Amino acid sequence: MKILLIGFYGKGNAGDERLYHKSIHLIKACVDICEISTKKTAFFRSDRIVFGAGGLFQNVSSMRSLLYYSFWAYLSLIFKKKYILLGQGIGPVKGWFSNKILDGVIGNASKISVRDTMSYSRTIALRKDVTLGSDLAFYNSHFNNTFNPHGSVLINLRPWTMSPSTRKDIDAIVKKFGAAFVPFSEDDVHCNPGLPLREITSNFIYDNTQEISCSALICMRFHACVWAVLHGIPFF
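Procedures and definitions
Here the residue numbering is sequential within each chain, running from 1 through the sequence in written order. Predicted model: local features are reported for residues with pLDDT of at least 70 only, side-chain atom pairs are reported and counted for 80 or more only, and whole-chain, interface and lining totals are derived from all residues. Values shown for side chains rest on all heavy atoms present in the structure; no hydrogens or waters enter the calculation. If DSSP finds at least two bridges between two strands, the strands pair. A helix here means a DSSP run of H or I that spans at least four residues, while a strand means a run of E at least two residues long, and both kinds are numbered starting from the N terminus. Handedness rule for crossovers: strands pointing away from the viewer, path from the first strand over the helix to the second running clockwise, crossover right-handed. Salt bridges are defined by distance alone: a side-chain nitrogen of Lys or Arg within 4 Å of a carboxyl oxygen of Asp or Glu. Only protein chains enter the area calculation, which uses a 1.4 Å probe; residues under 20% of their type maximum are buried, those over 50% are exposed, and those in between are partly exposed. Axis lines are fitted through C-alpha atoms, for helices just across the contact stretch, and the angle between N-to-C directions can take any value from 0 to 180 degrees. Contact criterion: two residues are considered in contact whenever any of their non-hydrogen atoms come within 4.5 Å of each other.

**Some words on the pairing of strand E7 (residues 147-156)**
Here E7 pairs with strand E9 (residues 214-219) via 6 bridges, running parallel. From the neighbouring strand, Val153 faces E9, where its bridge partner is Ala216. Of the strand pairs in this sheet, E7 and strand E8 (residues 179-181) are connected by 3 bridges, and their pairing is parallel. Directly across from Leu154, in E8, lies its bridge partner Ala180. You can see the chain leave E7, run along helix H5 (residues 164-177) and come back into E8, and the turn it takes is right-handed.

As structure tokens, then:
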């Protein structure tokens, strides 16, 4: 079976790269013999279209995200190709027209699994054969407690407008505890608030064999929270 895997891949986002690998592992565990591609040019020769885990169908970060991924879902319908929503975080989606687009995507999917109760409530209202699971980053993962009460505090910020008062709070944390900035996406590097930059690649982030020596993580990205959970590190 030839499968086209669609997601937010190759953009330097550690969480999405994690989901990419986990999606492939899960698909291969369910389908004995398959050929998986992420190249959109493979659409017409694919037997199944799988939307890999993550928050693809939403218009909060960008309307383009909802329209882009919905386009591939509706294209699958036109060419009579079954598509699957795998480990999805559905929404939030604002606007009547946008929600109608999403209704069509949900209603016509061959199978759906979601990662949270809010997504489950959104999809179960349209159909009853929805599977509620966890974020796919946890799939087949091993917990490795690397918490060190005397370790450094790590800070992860995503692009946003930092107020002067927030900057003062961060400076106070750095002064009191010592801290290092950890990017979970290439975009995060641009909002480094002048802290020592601790380079963390997508492989390092989920490498449970490597000591982290961290006492806490202050983060804005969801998969930074997942990483902290897998390492037994308190996070805020």
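From this point, things continue past the structure.
**Quick word on the pattern of salt bridges**
Under the counting rule described, the total for this entry stands at 6 salt bridges. Ionic pairing is found between Arg115 and Asp135, a salt bridge with its closest N-O pair at 2.8 Å. One end of the pair, Arg115, is in the loop between strand E5 (111-114) and helix H4 (117-124); the other, Asp135, is in the loop between strand E6 (130-132) and E7, and 20 residues separate them in sequence. Each member of the pair, Arg115 as well as Asp135, is classed as buried. Of the charged contacts in the structure, one is a salt bridge between Asp171 and Arg167, with a shortest N-O distance of 3.0 Å. Taken together, the residues span about one helical turn, with Asp171 and Arg167 both in helix H5 at a distance of 4 residues. Classification of Asp171 by relative accessible area gives partly exposed; the value is 36%. Taken together, the shared-partner salt bridges in this structure form one network comprising Arg115, Asp116 and Asp135.

**Topic: the sheet that holds E7**
Here 3 strands make up an open sheet; going across it, the order is E8-E7-E9 and the pairing parallel. In this open sheet, the two strands that pair with only one neighbour each are E8 and E9. Sheet twist, expressed as the average angle between the axes of neighbouring strands with direction ignored, equals 30°. Docked against the sheet, H5 engages E7, E8 and E9, running at close to 155° with respect to E7. Contacts from helix H7 (residues 222-230) reach E7 and E9 within the one sheet, and its direction differs from that of E9 by about 160°.

**With respect to unusual backbone geometry**
Each neighbour pair has its own omega, and for Gly91 with Pro92 the value is 0°, a cis peptide bond. Within the secondary structure, Pro92 sits in the loop between strand E4 (82-88) and helix H3 (96-108). Positive phi is not limited to glycine here, since Lys80 has a value of about 55°. Note on placement: Lys80 falls in the loop between helix H2 (63-78) and E4. Phi is positive for Asn140, close to 55°, though the residue is something other than glycine.

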